[in-house]
Amino acid sequence: MVASQLKVDFRERAYTLLKEDAEKIFKLIQVQLDHLTMPQCPLYEEVLDTQMFGLSREIDFAVRLGLIDEKEGKEILGSVERSLTELREATLKK
């Protein structure tokens, strides 16, 4: 009973931490969308790419440990990727 509750706690914590990390990337994207002050800035793109890579590795690790389902991981990453696509489209329109 204790082991199963511990596994549930770890799963919930892993999911929460991954969502928090995704939210940080969302905030970076939203600042850019709100201001569009530096469209296609190489430094900004590098930061976003690095953050996205890091998040994908975190998700992969959590999936391999069985802390989250692969579907959940794909949903988290997919939502961030959609926002990133929105940012890139907005910068192209500007």
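Our structure's up above, just so we're on the same page.
A quick note: this is a predicted structure, and the numbers were derived from the prediction, not measured.

Colleague: Can you lay out the overall build of the protein chain for me, pointing to particular residues and giving the numbers?
Modeller: Each helix and strand counted, the protein chain has three helices and zero strands in total. For the protein chain, the N- to C-terminal ordering of α and β elements is α-α-α. Here the C-alpha atoms of the protein chain give a radius of gyration of 16 Å, more than 25% beyond the 12 Å that 2.2 N^0.38 yields for 94 residues. Principal-axis analysis of the C-alpha atoms gives the protein chain an extent of 55 × 20 × 20 Å. The burial tally for the protein chain puts 28% of its 94 residues in the buried class. In the structure as shown, the protein chain presents an accessible area of about 6500 Å², 58% of it carried by carbon and sulfur atoms. A gap of 1 Å separates the mean positions of the 14 positive and 18 negative side-chain charges of the protein chain.

Colleague: With reference to specific residues and values, describe the packing of helix α2 (residues 42-65) against helix α3 (residues 70-93).
Modeller: It is the contact of α2 with α3, at a shortest axis distance of 9 Å, that shows an interaxial angle of 170°. Considering the angle they form, α2 stands roughly antiparallel to α3. Of α3, the residues touching α2 (which contributes Tyr 44, Glu 45, Leu 48, Asp 49, Met 52, Leu 55, Ser 56, Ile 59 and Val 63) are Glu 70, Gly 73, Ile 76, Leu 77, Val 80, Glu 81, Leu 84, Leu 87 and Arg 88. Looking at the contact of α2 with α3 residue by residue, the classes come out as 11 nonpolar, two polar and five charged.

Colleague: Give me the lowdown on the pattern of salt bridges, citing residues and values where you can.
Modeller: In total, this model carries six salt bridges according to the counting rule given. Here Arg 11 and Asp 69 are joined by a salt bridge, their closest N and O atoms 3.7 Å apart. Of this pair, Arg 11 sits in helix α1 (residues 2-35) while Asp 69 sits in the loop between α2 and α3, placing them 58 residues apart in sequence. Ionic pairing is found between Lys 74 and Glu 70, a salt bridge with its closest N-O pair at 3.5 Å.

Colleague: Provide a residue-level description of the nonpolar core, including the pertinent values.
Modeller: Residues Ile 29 and Leu 55 are the most contacted members of the largest nonpolar core, which totals 18 residues. Among the secondary structure elements, those contributing two or more residues to this core are α1, α2 and α3.

Colleague: Tell me about the environment of Lys 27, and name the residues and values.
Modeller: Positionally, Lys 27 belongs in helix α1. Considering only alpha carbons, one finds Lys 27 and Thr 16, 11 residues apart in sequence, at a separation of 16 Å.

What counts as what
- Residues numbered from 1 in each chain as written.
- Predicted model: local features only at pLDDT ≥ 70, side-chain atom pairs only at ≥ 80, totals over all residues.
- Heavy atoms only, no water.
- Helix = DSSP H or I, 4+ residues; strand = E, 2+ residues; numbered from the N terminus.
- Rg over C-alpha atoms; globule rule 2.2 N^0.38 Å.
- Buried < 20%, exposed > 50% of the residue type's maximum accessible area, 1.4 Å probe, protein only.
- Areas by Shrake-Rupley, 256 points an atom, 1.4 Å probe, with all protein chains shown as cover.
- Lys, Arg positive; Asp, Glu negative; His and termini not counted.
- Charge placed at Lys NZ, Arg CZ, Asp CG, Glu CD.
- Axes fitted to C-alpha atoms, helices over the stretch in contact; angles between N-to-C directions.
- Parallel < 35°, antiparallel > 145°, perpendicular 65-115°, else oblique.
- Contact = heavy atoms within 4.5 Å.
- Nonpolar A, V, L, I, M, F, W, Y, C, P; charged D, E, K, R; others polar.
- Salt bridge = Lys/Arg side-chain N within 4 Å of Asp/Glu carboxyl O.
- Core = buried A, V, L, I, M, F, W, Y, C linked by side-chain atoms within 4.5 Å.

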